[in-house]
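# Breakdown of the fold
One letter stands for each residue in the lines below.
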Amino acid sequence: MIRTFTAAAAALLLSTSVASAAEIDPAVVFDMGGKFDKSFNEGVFNGVEKFKKETGISYREFEVTNETQREQALRRMAQRGADPVVGVGFAQAPAIEKVAKEFPDTRFAIIDAVVDLPNVRSVVFKEHEGSFLVGMIAALKSESGKVGFVGGMDIPLIRKFACGYEQGAKHVNGSAEVLQNMTGTTPAAWNDPTRGSELAKSQFGRGVDVVYAAAGGTGIGVYQTAKDSGKLAIGVDSNQNHLQPGTMLTSMLKRVDVAAYNAFKDANDGNWSAGIQVLGLAEDGVGWALDENNKDLISADIMAAVEAASADIVAGKLSVHDYMSDNSCTY
Amino acid sequence: MAAAPGKIPRWVDVALIPLVNIALAFLVSGVILWTIDVNPLTALETILFGAFGYDEAIGYTLYYTTNFVFTGLAVAVAFHAGLFNIGGEGQAYIGGLGVGLGILLMDSSLPFLLILPISILLSAAFGAAWAAIPAYLQAYRGSHIVITTIMFNFIASALMVYLMVNVLIQPGSMSPESREFAPQGQLPFMHEVFGWFGLEVTRSPLNLSVVWAAICCVLVWAFIWRTRWGYEIRTVGANETAGVYAGIDPRRVIVLAMCVSGALAGFVGINEVMGVHHRLLLNFTAGYGFTGIAVSLMGRNHPIGIVLASLLFGMLYQGGAELAFEEPKVTRELVVTIQGLVILFSGALAYMMKRPIERAYLRIAGGFQRPAEQEG
Amino acid sequence: MSDPRPRQQDGADRPASEAQSPPAIELRDIDKSFGPVRANKNVCLSVRPGAIHGIIGENGAGKSTLMSILYGFYEADRGEILIGGKQTRIRSSRDAIAAGIGMVHQHFMLVDNMSVVENIMLGAESGAILTSSVAAARAELERLERDYNLDVDPDALAGELPVGQQQRVEILKALYRGAEILILDEPTGVLTPQETEQLFRILDSLRKQGVTIVLITHKLREIMAVTDDVSVMRGGEMIAHRSTAETSKEELAELMVGRKVLLSIDKQAPQAGATVLAVEDLSFVDRAGVPRVDKVSFAVRAGEIVGIAGVSGNGQSELLELLSGIKPITSGGFSLMGERFSAGRSLDPAAMRDLKVAHVPEDRLRSGLVRTFAAEESAILGYHRDPAYTGRIFMDRDAIQQDCARKMADFDVRPQNPNLKTANFSGGNQQKLVLAREISRDPRLLLVGQPTRGVDIGAIEFIHRNIVSMRDAGSAVLLVSVELDEIMSLSDRILVMFEGRIVGEVPAHEANERLLGLMMANAAPERSGVAG
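Predicted, not measured: the structure shown is a model, and the values here were computed from it.

### A word on helix H10 (residues 300-315) of chain A
All names here are of chain A. Relative to the 22 Å expected for 16 residues at 1.5 Å per residue, H10 spans 22 Å between its end C-alpha atoms, a close match to the ideal helical length. Taken together, the buried positions of H10 are Val306, Ala309, Ser310 and Ile313. Looking down the long axis of H10, one finds its buried residues gathered within 105 degrees of arc, a one-sided arrangement. Exposed residues on H10 whose side chains face more than 90 degrees from its buried face are Ala300, Asp301, Ala304, Glu307, Ala308, Ala311 and Ala315. Here the buried face of H10 lies against helix H5 (127-141) and helix H6 (156-172). Of the residues flanking the end of H10, it is Gly316, one or two places downstream, whose phi is positive at about 85 degrees.

### Quick notes on the confidence of the model for chain B
All names here are of chain B. In the predicted model, chain B carries a mean pLDDT of 89, and the fraction of residues at 70 or more is 94%. Mean pLDDT values for the elements of chain B range from 72 in helix H16 (residues 354-369) up to 97 in helix H11 (residues 250-266). Note on residues 1-5: pLDDT under 50 across the span, and 13 contacts to partners over four residues away in sequence or across chains. Within the model, the stretch residues 369-376 combines pLDDT values under 50 with five contacts to residues more than four positions away or in other chains. Taken over the whole predicted complex, pTM reads 0.78, whereas the ipTM for its chain interfaces reads 0.82.

### A short note on the pairing of strand S9 (residues 232-237) of chain A
Residues and elements named next belong to chain A. Of all six residues in S9, six are buried; the element is thus mostly enclosed. Two strands pair when backbone bridges link them, and strand S8 (residues 210-214) and S9 are joined in this way by three bridges, in the parallel orientation. Considered in S9, the bridge of Val210 is made with Leu232. Between the parallel pair S8 and S9, the chain is carried across by helix H8 (residues 218-229), and the sense of this crossover is right-handed. In this sheet, strand S10 (residues 248-254) lies alongside S9 in parallel orientation, the contact comprising five bridges. Bridge assignment links Asp237 to a residue of S10, and that residue is Leu253.

### A look at the interface of chain B and chain A
Chain B puts 26 residues into the contact, and the matching count from chain A is 27 residues. Secondary structure elements with two or more residues in the side of chain B that touches chain A: helix H3 (55-80), helix H6 (145-168), helix H12 (268-277) and helix H14 (303-326) of chain B. For the side of chain B that touches chain A, the element with the highest residue contribution is H6(B), accounting for five residues. When the residues that make up the side of chain B that touches chain A are grouped by side-chain class, the tally is 18 nonpolar, six polar and two charged.

### Focus: the packing of helix H8 (residues 209-226) of chain B against helix H9 (residues 228-238) of chain B
All names here are of chain B. Remark: H8 packs on H9, axes separated minimally by 5 Å, with the N-to-C direction vectors making an angle of 70 degrees. By the criterion of interaxial angle, the relationship of H8 to H9 is roughly perpendicular. Contacts from Phe223, Ile224, Trp225 and Arg226 in H8 reach Trp229, Gly230, Ile233 and Arg234 in H9. Grouping the amino acids of the contact of H8 with H9 by side-chain chemistry returns five nonpolar, one polar and two charged.

Rules behind the numbers
- Residues numbered from 1 in each chain as written.
- Chains lettered and ligands numbered in written order.
- Predicted model: local features only at pLDDT ≥ 70, side-chain atom pairs only at ≥ 80, totals over all residues.
- Helix = DSSP H or I, 4+ residues; strand = E, 2+ residues; numbered from the N terminus.
- Expected span 1.5 Å × (residues − 1).
- Buried ≥ 20, exposed ≤ 12 C-beta atoms within 10 Å, placed from the backbone.
- Arc of directions from axis to C-beta.
- Contact = placed C-beta atoms within 7 Å.
- pLDDT = per-residue confidence, 0-100.
- Pairing = 2+ DSSP bridges.
- Right-handed = clockwise from strand over helix to strand, strands pointing away.
- Nonpolar A, V, L, I, M, F, W, Y, C, P; charged D, E, K, R; others polar.
- Axes fitted to C-alpha atoms, helices over the stretch in contact; angles between N-to-C directions.
- Parallel < 35°, antiparallel > 145°, perpendicular 65-115°, else oblique.

And the structure:
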């Protein structure tokens, strides 16, 4: 009896949705940061908004508020007939794995993690490569030979950023000093601009003149402080050069928007593929930002050096150590 | 000499006033929904249907309820000793750590029937230990327990992050999570349990720990009202001077009550770590420890009240998520606002309506007695 | 609003009414119910202007409700209030003040860290700028102090004044607001005998200045000492009006309780036996370094009652707490049936109970009972570990309940309901419950503090009889009380305490109020005790 009831309820709800046969019915499940986190989730949001604008196809969305809701939301999307369903962030990997098994006919995509199932597309990035390049830029630009890193929450992913950054800096200046601070150990560290500002100040006080923030909303404080102190800062994930024009040296780009956009677009165009997509420099999944706001800061020499290193990495001549391959930054 | 107040029956205090408070919270929520062009009645229907309308929804609601029962009981036991335990969150977190560590060590060698009681003991012991430190500081050093328990939430959180990021993380894993427990280290889901009896129920995170929560309600009731330790806890909580007069050492009572309280909060770990996630991870407490304070206040620190209040909050969590799911205009922040309003009205402002309601009751009751004389 | 109804149950004798001037206060058929409880039933009262009118009754007789109606805390369900012959509707304390009524509450409503002037102005400031009103208030205050002989330092902090002076500030507050009618609710409950005497002198001089005073009390002695007229309430009804000169303590007591009451105790000469308690140089120094009990030595033998008289706050409370194991001994010690306790040997109340020391604490609500507990739970406080009440894990509810019911029957605790919340019993019944708990275990030593504080007159008699019968059964009894009547009528020997020391001993038959009063104040300036 309960089942009939559920079925009836589901049917009722389905009939109210406007999905027509020709169009896909995509869905996205944002993670705890929320879709306006100025960082990762927002990148995904921008990607799916772009898809919506281009195709006119609207999507379902949900922002989870606790661990258990991830699975619940993904399952609910699949039950409602959404396809494809995009999960944002590595934390959703176990949930995607469970739900994708229950709904083998639904296509899932997970960003920033690998779920090895025939109906799941896994998109991961080589953040260390992008960080390597901005580390190079930082060290080349630095006059003191000291560059800084402000991480968000202390987790392996952020250490991966830091490790790549450190390698890049040392690549151009073997004696470069890389000062690293993590903002905190709780998720609050993703959104603590005050603390970010304090950390940046302290690094500047110790002689740092370029600081790279991989810290979500916390970065806003870092960038502001860099501007106030006349130092340089490097943004992360999306192009944040516009936030403080003139003192934003560059931004390390991680194209989660592209990953999300592509997942919807490929499904809509009939080009869907499952499996792992590792997006590095070669695939244009990571990179560094050059635009109106920072073009005066990047000299031709820097540009040339970075372009060369980038080519070497793409060609495999230069390899950047991935912190998460062995949970250590020894290279 | 206090002037003898009129007799207010108990049901006014324990049932009518909470119901009025909830109604007020929903009323204010309704106004907010109305201003963003969401029909409040439809929203209420969505919440109710989303929380109780079908078996999966009930499963989720009861799953949340389980957590709230544990943390609500925890706050209540401390409250009977006159202590405000704000540290349920941290105690739950550390309780979960105990469960996780134990299962990671045991699940390859011991059968489920041994792992289960050991895990329950571990969650209790870890949670109790985490509560015992602030308790000791309060009892023997005079540090205020509200401050220390809050501090201990932060310490618990930092400790967990450190352990998860540096020690317990599954090698090669992106997120700071331990490996998944082997099947004998997993508490069966209720849909699996029903499955054993041939009943088919949609899957939900509801697991056997809901049964343990029910048992804990009975145990806590018996402990507080039927044992001499409970008697001593209540004596010290109600009147510490009388406790000293009666030869009860308030310091020992404080430590005892907090240990029991911490153990109960630690059981959240059974539900979350052993029952739902089957691995050790970060942030599984998700604020349940804090909500437990509201649950306990609303439930008048009695297990029956706590069960009802937990159901209400379970409904708000699950129904609220459904509302955000169904109604794009309702963001998760708004859902939190609605939950917050219920906490505000039934917790912080719990006694705001007490006087008016009692006065209204007396007027009505008095009217029944002397209908003819009822006038100015 | 409503016509005067025919009085259905008015057996009251009406005081001779003054033809020339209308009564200062006239209450007609006041009726007030709280739910099913009818706190005032058709109460009528007439108070002559410029008189001190006592209202006497047991706790719960409806006195406070009546005065709360007069002062606007409650509105009567029915009835009329006439002030100075004018019908007046009093719906709030503001209305009452406007009608010239001032009230001095049992518990003072002063802001401790404000000066006397500031307290007096509080709520009656004339504008937002305080400096000018302070000056005006000070002048007015000085005038009032002069006119009514009320001497208080206007700049002293209220919290630092002795209790008696705080009460004067309350009276001044009422007068400052223009009160011509002053209601005092149990004003002597917190005062020393000296302070009580002074209060009565103040009331007398207020009366001479034409102030009408309503004095609510349950103490017969006070009624007889200061009032002109007296009205008696019982069970929510006004049952009698008398002119004080034409009545007696015995008659009033009988009217209050509804039956004959024995005001003095018949007791046999003591049959003192072996020494039970021998106190030697016992001292206790508090945290601030003040010696509260200072080298006290005395003995109590089986079969005698030793009373300790003294103004409250002179170390009697601490002495009881030392002997019952609540406070640690600083130096010296005591022997209990040969067993010695001194500074080195820490003891706790549970251990003392095991040695058959029973303790009726001075403040039963603060330490003797738990208000929120059922009576049966309060009735085992301190004995809750007794195997008679508890097994290995669970308490034996049936045994506890039966035990409580038995105690209630033996000690006439009403209502006889072990499940009723402790707070719902009257003061006297609460005290009987404590007494029942402590006495029913045949203690070798019974420590009793203020056994009849806040207790109805009918219960006092009962409690006193029980203490004496404990003595006759061979217990050693140590009695601490600030009521000299009580000390004198119960004790076989009387010790007087002052500033932590024992300053004298008097055999009961040689004691009288004057002698004890002198000893209690002996080396003391007037009013020392409370601020201590």
